[in-house]
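# Chain and residue survey
Listed below are the residues making up each chain.
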Amino acid sequence: MKRLIFIFCFVALSLNLSAQKSWHYLTLDYTVAGTNHNVNKADFETSDFTLSYGYRFNDKWAAYIPITSAVAKYQLSPAKLCEDQALLGLGVVRTLPLMSGRLDLDFDLSYTATYLSATQEYGVAKFMVKAASGRQISDASPTIGVGVLYNHSYKSDKAGRLMLGVSIGGRIF
């Protein structure tokens, strides 16, 4: 009987919280980034699909957990090696409303790290600036962004990589 009451209370609380979606932060992003292939033979490219879910403190600040599925491409010449990788981390976003709330700029800072054993084990610090329609217009909107990613390997023989990246995605709420 205690379990049934606990489950009922948990479901009721969950439904109540999800009905008040103003505290949710949810985005989907696809990011492509890479290094210059001629500098220090640090040729590396990544294609990331990221789901970010977190808590929106107010209209300006949110903290979230990014869950990333990445395809790491390295040793791009003469043969390209690819490896799938999963990353998990923490992030924070600062939203700056522009044009009377019709446009938002999101300053997004996050750190993710690989958690599966593989040839490429690394961490990524990412700073992106994303543009979206303002929250006063709609909670859900497409986003485009540009930024820098710093990829550092956990293995001492690999050099860190500073990459430029672009993203396209959507802000759900």
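Structure: above.
### A word on the pattern of salt bridges
Using the criterion set out here, one finds four salt bridges in the structure. In this structure, the salt-bridge partner of Arg-171 is Asp-104, at a minimum N-O distance of 3.3 Å. Of this pair, Arg-171 sits in strand 8 (residues 161-171) while Asp-104 is found in strand 5 (residues 103-114), placing the two residues 67 residues apart along the sequence. One exposure class covers both Arg-171 and Asp-104, and it is buried. Ionic pairing is found between Lys-130 and Asp-108, a salt bridge with its closest N-O pair at 3.0 Å.

### Re the environment of Tyr-154
Tracing the chain through its elements places Tyr-154 in the loop between strand 7 (141-153) and strand 8. Judged by relative accessible area, Tyr-154 falls into the partly exposed class, the value being 40%. Once you skip the residues sitting within four places of it in the chain, Tyr-154 turns out to touch Tyr-111, Ala-113, Thr-114, Glu-121, Tyr-122 and Gly-123.

Rules of the game
Residues numbered from 1 in each chain as written. Predicted model: local features only at pLDDT ≥ 70, side-chain atom pairs only at ≥ 80, totals over all residues. Heavy atoms only, no water. Salt bridge = Lys/Arg side-chain N within 4 Å of Asp/Glu carboxyl O. Helix = DSSP H or I, 4+ residues; strand = E, 2+ residues; numbered from the N terminus. Buried < 20%, exposed > 50% of the residue type's maximum accessible area, 1.4 Å probe, protein only. Contact = heavy atoms within 4.5 Å.

These values are about where atoms sit, not about what they do.
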